[in-house]
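Here's the letter readout for the chains.
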Amino acid sequence: MAAEDLPSEFDVVILGTGLAESVIAAACSRVGQRVLHLDRRSYYAANWASFTFNGLLSWIQQHNEEPQPEEVQDWSSLLEEGEELICLLNSDSASISNLQVFCFTSEGDEEEEEAPNTTEEEKGGAADEEETVKETSEGESADSKEEETKEKREETADRQEEEEKAVQTNGEEPDVGESCPSASPSQSEPTRKKISYAQLVKEGRRFNIDLVSKLMYSRGSLVDLLIKSNVSRYAEFKNVTRILTYRHGNVEQVPCSRADVFASRQLSVVEKRKLMRFLTSCVEETEEQQVYNGRPYLEFLRDQQLGDNLQHFLLHSIAMATEDTPTEVGLTSTRHFLRCLGRYGNTPFLFPVYGLGEIPQCFCRMCAVFGGIYCLRHSVHCLLVDKETNSCKAVIDSHGQRISCSHFVVEDSYVAAERKRVATPTRCISRAVLITDGSVLPSDSEQQVSMVTVPPIEAGSPAVKMVELCPSTMTCMPGTYLVHLTCQSVGSAYEDLSPVVTRMFCTPESHDQEKRPSVLWCLYFNMADGSGVEVEGHDLPSNVYVTSGPDGDLGHEHAVRQAESIFHKILPEEDFCPPAPNPEDIIYDGENTSSAGEEREEEREEEREEEKQEEKQEEKQEEREEEKQEEKQEEREEEKESEEKESEEKEVVKEQQSLQTEE
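Residues numbered from 1 in each chain as written. Predicted model: local features only at pLDDT ≥ 70, side-chain atom pairs only at ≥ 80, totals over all residues. Heavy atoms only, no water.

Chemist: Explain helix H11 (residues 308-318) here, please?
Modeler: One turn of the α-helix equals 3.6 residues, which is why residues spaced by three or four share an orientation. Among the eleven residues that make up H11, ten are buried, leaving the element largely enclosed by the rest of the structure. Asn309, Leu310, Gln311, His312, Phe313, Leu314, Leu315, His316, Ser317 and Ile318 are the residues of H11 that are buried. Packed against the buried residues of H11 are strand S9 (242-247), strand S10 (250-253), helix H8 (269-282), helix H10 (297-303), helix H12 (327-340) and strand S17 (450-454). (Buried < 20%, exposed > 50% of the residue type's maximum accessible area, 1.4 Å probe, protein only. Helix = DSSP H or I, 4+ residues; strand = E, 2+ residues; numbered from the N terminus. Contact = heavy atoms within 4.5 Å.)

Here you go:
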């Protein structure tokens, strides 16, 4: 909607289009509130956004540019008697810091082979880094939509030529530790074709790169909300197919489900039985477990007579905890993990096709369907506060229009530091985004979506969560993988995550890692941790509510819980995100509703009963199959044990006979 046409009165004005703000907007609009949803950025989802490769380069360039000083404008003419102004910020540069970009692949295609160049930016070279980013994004518009339109035209015109070049390219990979002299085709390795930087740019629209890396627990609050509100119909999802862990310099698959445990070759028969007994005992809280409250979870695991293998899997990959995590927290995480298994696959996680940036946009779509009004590149400069009631009466937008509202929701990056209540010291998340040419654990299928846990490499370093996405998630071009690394910040993102990247991938700093996948391009940056922003206690009017950005957890519990809490403060009597009606359920004026409504209700009840019966039958069948598999497996194991015992007994008899003959 054009900014000049905005109405002058709304029930709720929301500033920022992150996940929490988008959920609040959808929930308020769904129950009939007049919602105005604004964002100063040119894209949806704020720090939850997904970008094409070219869009990400523009985003990097914008953050490397020095912020222009804001023009101070006098809005006192719009004040009424008994009102005061609270000014808001118009820049979010503080939430992103320490951007560093590295390109480890050749710059161009065959045409540029005479002078290939591998761009490597050193840690301290912030100025060089800015120049490199500007070079890589030269000729691109700052507006991501204009980029995509231009890219589309070029793509249709040059696709055939591009494919021919991709086939003809020798893909030589220069020695990453030295400069890059031109190599003859005979010197290059024909077995591995390396994708050039020019190809990444040309295929940039195939990438959907998330600023934040998270997964959706299949029985988590976000999945429940998507199902309850019917917002799930706006998106598609894929299962995370496997859970991996990094241990003793190798990547191993973690057995989580019953089928995985019995099929695992990493565990002995005894370990399999111990693991199954432990997981079964974790489902419900016992007095024995309560004795360990306040003590480390690792101590509890050791006392259960579990070996090093099982302790590692349970601590780092299933509970996703550290050695200092209290037992009650570790057991809660383990139960949540187990409860989510089997709902949609062998792992507890889902991932949205086209990236996590789709989820806030889905809720924005629901808000718009029920009458919400959206304006990007549009902000709020200040709040007009009633001195007597300490409540926000209206806001002044970036066009100087006074807009009345009953409630105001604002992302924390718009609020000045002196008015916010945040945890001290402030917390940050370290992030790395890699484009690689292979998987960390190759398998028969090239469509694996992997969750990888990396324990602290050395004392004082953080535990790292890694998500590896394949092209079928529509987040990267064919022949590449998109890898996200996340941890709590100890230093800069480069300092925290580059040791992990160096060990698990082939980079110029790696040693003897030729068998590992190569990093083609990578980005490091720090992001403010949203969990550090307190829910209450801000120096703001009573009807102004502050939301925070992404937190460091793997799931979305923090954002959904925050959105629900704020919604109930605004509308305590209303249901949070009730289901949207199906199109056939909408009743138009003049329609005879009595008989038609009853028939539809009866049909729906019948369908629900049929679905429930089908689900029960499927569950019973699955349980029977699992029991049969377990019985077969146990029988095989018992046979093996009996054979081993027989062989041992025979050996003992032979020894006794030999002793007797000697005597």
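Chemist: Explain the pattern of salt bridges to me, please; I cannot follow it from the model alone.
Modeler: Side-chain pairing between opposite charges can occur once the charged atoms of the two side chains come close. Taken as a whole and assessed by the stated rule, the structure comprises 16 salt bridges. One salt-bridge network, held together by shared partners, links Glu80, Glu83, Lys393 and Arg402. (Salt bridge = Lys/Arg side-chain N within 4 Å of Asp/Glu carboxyl O.)

Chemist: Can you help me understand the packing of helix H1 (residues 19-30) against helix H15 (residues 557-570) in this one?
Modeler: Helices that pack against each other are described as a pair by the angle of their axes relative to one another and the distance between those axes. Following both chains from N to C, one finds H1 and H15 inclined at 40 degrees, their axes separated by 9 Å at the closest point. Comparing their axes, H15 and H1 come out oblique. For the pair H1 and H15, the crossing hand works out as right-handed. Here H1 contributes Leu19, Ala20, Val23, Ile24, Ala27 and Cys28 to the contact with H15, which in turn contributes Ala559, Gln562, Ala563, Ile566 and Phe567. (Axes fitted to C-alpha atoms, helices over the stretch in contact; angles between N-to-C directions. Parallel < 35°, antiparallel > 145°, perpendicular 65-115°, else oblique. Left-handed = near helix turned anticlockwise from the far one by under 90°.)

Chemist: What am I meant to see in the sheet that holds S10 here?
Modeler: Two pairing modes exist for strands in a sheet, parallel and antiparallel, and in both the strands are linked by backbone hydrogen bonds. Overall, mixed pairing links the eight strands, which are arranged S5-S20-S16-S19-S18-S17-S9-S10 in an open sheet. One side of each edge strand has no neighbouring strand; the edge strands of this open sheet are strand S5 (96-103) and S10. Averaged over all pairs of adjacent strands, the angle between their axes in this sheet comes to 20 degrees, without regard to strand direction. Note: S5 against strand S20 (residues 519-528), six bridges, orientation antiparallel. Directly across from valine 101, in S20, lies its bridge partner leucine 523. (Pairing = 2+ DSSP bridges.)

Chemist: Quick question: what am I supposed to make of the pairing of S10 here?
Modeler: On any regular strand, side chains alternate: one points to one face of the sheet, the next to the other face. The pairing of S9 with S10 spans four bridges and is antiparallel. Within S10, the position partnered with arginine 247 by the bridge is asparagine 250.

Chemist: What should I look at first to understand the state of the cysteines in this one?
Modeler: As used in these notes, a disulfide is a covalent bond between sulfur atoms, one from each of two cysteines. Tallying each qualifying case throughout the model produces zero disulfides. You can see cysteine 367 has no disulfide; the closest cysteine sulfur is in cysteine 364, sitting 7.0 Å from it. Classification of cysteine 367 by relative accessible area gives buried; the value is 0%. (Disulfide = S-S within 2.5 Å.)

Chemist: Hey, could you run me through the packing of H1 against helix H13 (residues 358-369) in this one?
Modeler: H13 packs onto H1 with a crossing angle of 20 degrees between their chain directions and a minimal axis gap of 8 Å. With respect to H13, the axis of H1 lies roughly parallel. Considering the relative orientation of H1 and H13, their crossing is left-handed. From H1, Leu19, Ser22, Val23, Ala25, Ala26, Ser29 and Arg30 reach across to H13, where they touch Ile359, Pro360, Phe363, Cys364, Met366 and Cys367. Broken down by class, the residue content of the contact of H1 with H13 amounts to ten nonpolar, two polar and one charged. (Nonpolar A, V, L, I, M, F, W, Y, C, P; charged D, E, K, R; others polar.)

Chemist: How should I be thinking about the environment of arginine 273 in this particular structure?
Modeler: By the element assignment, arginine 273 lies in helix H8. When its relative accessible area of 30% is taken as the criterion, arginine 273 is described as partly exposed. It is 9.1 Å that separates the C-alpha atoms of arginine 273 and phenylalanine 262, two residues lying eleven residues apart in sequence. The contacts of arginine 273, once residues within four sequence positions are left out, are Glu637, Glu638 and Glu641.

Chemist: When you look at the packing of aromatic side chains in this model, what are you seeing that I'm missing?
Modeler: The geometry of two aromatic rings is summed up by the distance between their centres and the angle between their planes. Within this structure, the stated rule accounts for 17 aromatic pairs. Ring geometry for phenylalanine 102 and tyrosine 524: centres 5.8 Å apart, planes at 85 degrees, overall edge-to-face. Here the residue phenylalanine 102 occupies a position in strand S5, and tyrosine 524 occupies one in strand S20, the gap between them amounting to 422 residues. With relative accessibility at 3%, the residue phenylalanine 102 sits in the buried group. The buried category is assigned to tyrosine 524, whose relative accessible area is 3%. It is arginine 40 that lies over the ring of tyrosine 414; its NZ or CZ is 3.6 Å from the centre. A cation over a ring is seen here: arginine 365 above tyrosine 234, with NZ or CZ 5.5 Å from the ring centre. (Phe/Tyr/Trp six-rings, centres within 6.5 Å; stacked < 30°, edge-to-face > 60°. Lys NZ or Arg CZ within 6 Å of the ring centre and 35° of its normal.)

By themselves these figures say nothing about function.
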